[in-house]
Amino acid sequence: MTPLTHDAARTRRANGLAFALVSACSFGLSGSLARGLLDAGWTAGAATLVRVAIAAAVLAIPALIALRGRWGLMRRAAATVVAYGVFAVAGAQLFYFLAVGTLDVGVALLIEYMAPVVVVGWLWVSQGSRPGILTLAGAAVAVGGLALLLDVFGGSAHIDPVGVGWALLAMVGASVYFVISGDTSTGLPPVTLAWGGLVVALGVLGLAGLGGILPLSFTAETVELLPFALPWWGAALLLGAVTAALAYVTGIAATRRLGARLGGFVALIEVIAATGFAWVLLGQVPGPIQFAGAGLILVGVLLLRAGEPAAEATPAPIELPEIAEPQPEPEPEPQPA
């Protein structure tokens, strides 16, 4: 087995950050594309269902190729895949949509994006991974920046206990996403885990739609964005292939390299990306308070990065020369009388 050197650990961390940025930007694009579909007459539930369905279809062949016939992995990881699909994919989205039905969007997002803080506590309790001073300081700064970026205190935020409950459930779903994404014990490739979770989520969201919990309404109207227009199927394809398929696979790959704690806070860059896309595609210009919040999130992530212990190099095993076992001396042959 090749020993893990400091250079290899740094390369792994750098790759994880790159995957995390791709995932955050991909997830961040979803809000603007979904808003375009909503303005064209779609419901949020319809956009979510189509997004998950397209993502599952896009990842099906790559997921099966990555599995390479190891169906035993899927059987052994069935509970993990179901939990990922129910909580991390379907639950996080469904509960968030229910939350914004009675809460301001900024408040609902702030509660849901407290998930990285929950992950820090969970790892502390379950694994004894006590956060250091820099980690705690980074978490506080990042959460404060998130509150500013979402402009939670900029107006009279409406607080509804039922909406808060839904938002807390969405936070649990997001926390499960980071914990399961960082778990390598199943042996499932990231693309296979993402695909399996999306298939499960598709079933859950489909049942929610049939039951009337998730209103479904589609139109064939053109999606009008600020710089250009898209046919409805083009926006839906981007929503599924980029903001779900690519986003979930790279998110899992990132969290496996960074760990659930750091990966969770790096994922807050998604909110910055979403603000930037809304500026470019929807003309929603952020104010000074949003820029300040984005800066605080980046500072918080840097503090968290500095507070994470570096992976130590594993010393190469010392090979000892084989020592031949002593052979028993032959017994003297009996002499003739």
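In short, a report on the structure. (Residues numbered from 1 in each chain as written. Predicted model: local features only at pLDDT ≥ 70, side-chain atom pairs only at ≥ 80, totals over all residues. Heavy atoms only, no water.)

A tally of regular secondary structure across the protein gives 13 helices and 2 strands. Across the 337 residues in the protein, those meeting the buried criterion constitute 45%. A fraction of 90% describes how many contacts in the protein between residues 6 or more apart in sequence connect residues 24 or more apart. For the protein, the computed accessible surface area is about 17,100 Å², with 69% contributed by carbon and sulfur atoms. (Helix = DSSP H or I, 4+ residues; strand = E, 2+ residues; numbered from the N terminus. Buried < 20%, exposed > 50% of the residue type's maximum accessible area, 1.4 Å probe, protein only. Contact = heavy atoms within 4.5 Å. Areas by Shrake-Rupley, 256 points an atom, 1.4 Å probe, with all protein chains shown as cover.)

Right, let's get into the packing of aromatic side chains. Each aromatic ring pair is summarised here by two numbers: the centre-to-centre distance and the angle between the ring planes. With the rule as written, the count across this model stands at 10 aromatic pairs. Geometrically, the ring pair formed by Y84 and Y177 is tilted, given 6.1 Å between the ring centres and 40 degrees between the ring planes. Of the two residues, Y84 sits in helix α4 (residues 78–99) while Y177 sits in helix α8 (residues 161–181), which places them 93 residues apart along the sequence. Here Y84 falls in the buried class, since its relative accessible area comes to 0%. The interplanar angle of 70 degrees and the centroid separation of 5.0 Å between the aromatic rings of Y177 and F178 together place this pair among those described as edge-to-face. Summarising the burial analysis for this pair, Y177 and F178 share the class buried. Ring-pair connections join several aromatic residues into one group, and the members of that group are F27, Y84, Y177, F178 and Y248. (Phe/Tyr/Trp six-rings, centres within 6.5 Å; stacked < 30°, edge-to-face > 60°.)

With respect to the helices, strands and loops of the structure, T135 is situated in helix α7 (residues 133–149). For the pair T135 and E308, spaced 173 residues apart in sequence, the C-alpha separation works out to 7.0 Å. Among residues more than four places away in sequence, those in contact with T135 are R261, L304, G307 and E308.

Take V223: it is sitting in strand β1 (residues 223–224). The exposure class of V223 is buried, given its relative accessible area of 0%. Residues V223 and D39, 184 residues apart in the sequence, show an inter-C-alpha distance of 7.6 Å. Not counting chain neighbours up to four residues away, the residues in contact with V223 comprise G36, L37, A40, F228, A229, L230, W232 and A235.

Right, let's get into the nonpolar core. If you look at the biggest cluster of nonpolar residues, it comprises 44 residues, and the most contacted ones within it are L59, Y84, L188, L198 and Y248. Residue assignment for this core shows that the elements contributing at least two residues are α2 (44–67), α3 (71–76), α4, α6 (115–127), α8, α9 (190–210) and α10 (232–258). It is α9 that contributes the most residues to this core, 8 residues altogether. Discounting chain neighbours no more than four positions away, the residues touching L59 are V191, A194, W195, L198, A245 and V249. Among the nonpolar cores identified, the runner-up in size contains 33 residues, and A139, L268, V271 and I297 belong to it. (Core = buried A, V, L, I, M, F, W, Y, C linked by side-chain atoms within 4.5 Å.)

Right, let's get into the environment of Y177. Among the residues examined, Y177 registers a relative accessible area of 9% and is labelled buried. When the C-alpha atoms of Y177 and A83 are compared, they prove to be 9.1 Å apart, with 94 residues separating the residues in sequence. Among residues more than four places away in sequence, those in contact with Y177 are S23, F27, Y84, A88, A247, Y248, G251 and I252.

Let's shift gears to a nonpolar patch on the surface. Where nonpolar side chains cluster on the molecular surface, the patch consists of W279, V280, V285 and F291 and spans about 420 Å² of accessible area. One can find W279 in helix α12 (residues 269–282). (Patch = residues over 30% accessible without salt bridge, like charges linked within 9 Å, V, L, I, M, F, W, Y side chains within 5 Å. Salt bridge = Lys/Arg side-chain N within 4 Å of Asp/Glu carboxyl O.)

Of note, R68 is a non-glycine position whose phi angle comes to about 55 degrees, a positive value. Judged by its relative accessible area of 64%, R68 falls in the exposed class.

Below, the discussion takes up α6. For α6, which comprises 13 residues, the first-to-last C-alpha distance of 17 Å matches the rise-based estimate of 18 Å (1.5 Å per residue) to within 8%. Residue G128 follows α6 closely and has a positive phi angle near 70 degrees. (Expected span 1.5 Å × (residues − 1).)

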